[in-house]
Amino acid sequence: MIIDILKCHGSGNDFLLIDELTKNYRFTEADRKRLAQALCKREGLLGADGILFVLRSEKADARMRVFNADGSEASMCGNGLRCVARFVCEKLGKEQLLIETMKADLAVEKTADLYQGIPTFKVEISPVLFNVESLPLSINQKTLINEPLVQLSETLKFTALAVPNPHLVSIVEQDVLDSDVQEKLSQFVNSPNELFPDGVNVSFVKRLETGAIFVRTYERGVGFTNACGTAMSAASLVTCLNGFNETEREISVYNNGGQVKCVVHFHENSKKNWIDLIGNGTYEYKASIVLELNKCEEFKLLHEVRYDKETALYTAFQSEVKTYLQTVL
Ligand SMILES: N[C@@H](CCC[C@H](N)C(=O)O)C(=O)O
């Protein structure tokens, strides 16, 4: 069969988007898993952090399913949702949409360019859950908010939250960021272990200045990525809880793939808490691949159309971010 692929990224967190909104591919669950494992391989012809399947929805404008590079399905993907927001907005000729995801229907909209010429989208990250069962995290307490988790570290403090995919966030200093602590700890919690039976996305956060943070994430099912949208949203919220940033105010979140903005809407007794994640949805190329679904690894690339202009604009933005980061990290 022939499958059309759109290669896109949000903050350098890159995806293969497959359109099932206007095309009838009819994948089984096993096909989706195999496609993710085969097409996302970095040493292969395509390579990506995950696949975004865009489907029809009965209750929203479209539905997004996200599969990590290892074939596991995630409940949410913030950077991916921005790419899906752009794709569906352009298909339907709209600027505001509702996208169905595994656990919530989320509002997305086109917004002012983050940097000249960069298509920018604001997406809702919710629900926000602190009860440890929602990750799940197996400890004898209801929540873990800026507290030690001695099984992982004797010195670091962690916050565990689901937005709604699971995140473990620690605010650290530069020496810890420069060390191999994050990699070792992330590999442990993402291998069979009793603390996080389903694994967890692990983010280390460095405070840069008021209203600005740097976030690096080891993603469940992938490894270190340039950026993780739900992690940057979760990290922004954690810095508000720690009193470093303020809710309802824009926070610049820097990452190894660029920068996004987050606005945290969180109030202790509020019925609904959420985070606005604002950033690019950049297209890299369109391609068609030929494969047999039971032999996904053996696919052939038919042709490619590249989006050179917008890719170049994003690269210019990234160099500005890198220059800034060299002065603060
Ligand atoms: N990169 C994503 C999150 C993708 C899913 C994650 N690896 C998980 O398994 O929860 C994002 O931008 O949020």
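All of these numbers come straight from a predicted model, not from anything done at the bench.

**Q** Looking at this structure, how should I read the site of the ligand?
**A** Inspection of the region around the ligand gives 14 residues, with Asn13, Gly78, Arg220, Gly229 and Thr230 positioned closest. At 2.6 Å, a backbone N or O of Gly229 approaches an oxygen atom of the ligand. One can see that the ligand is located within the largest cavity. Broken down by secondary-structure element, the contributors of at least two residues to the shell around the ligand are α2 (78-92) and α5 (229-241). Along the lines of polarity and charge, the residues of the shell around the ligand split into four nonpolar, eight polar and two charged. Domain assignment of the residues forming the shell around the ligand places at least three in each of domain 1 (2-124 + 281-328) and domain 2 (132-279).

**Q** Even after reading the chapter, I still don't get unusual backbone geometry, so can you show me in this structure?
**A** With omega at 0 degrees, the peptide bond leading from Ser126 into Pro127 counts as cis. For the bond running from Leu135 to Pro136, omega is -5 degrees, close enough to zero to count as cis. Along the chain, Pro136 falls in the loop between β8 (120-125) and β9 (147-148). Even without a glycine there, the phi angle at Ser11 is positive, about 55 degrees. Looking at the element boundaries, Ser11 is found in the loop between β1 (2-10) and β2 (13-20). In the Ramachandran plot, Arg26 falls in the positive-phi region, its phi being about 55 degrees despite a non-glycine side chain. Tracing the sequence through the fold places Arg26 in the loop between β2 and α1 (29-39).

Criteria and cut-off values
- Residues numbered from 1 in each chain as written.
- Predicted model: local features only at pLDDT ≥ 70, side-chain atom pairs only at ≥ 80, totals over all residues.
- Heavy atoms only, no water.
- Near = heavy atom within 4 Å.
- Polar contact = N/O pair within 3.5 Å; in protein donor to acceptor, adjacent residues only side chain to side chain.
- 1 Å grid on protein atoms, 1.4 Å probe; cavity = no way out; pocket = protein on both sides within 12 Å on 5 of 7 lines; lining within 4 Å.
- Sits in = over half its atoms within 2 Å of the grid points.
- Helix = DSSP H or I, 4+ residues; strand = E, 2+ residues; numbered from the N terminus.
- Nonpolar A, V, L, I, M, F, W, Y, C, P; charged D, E, K, R; others polar.
- Domains from an automatic or database assignment.

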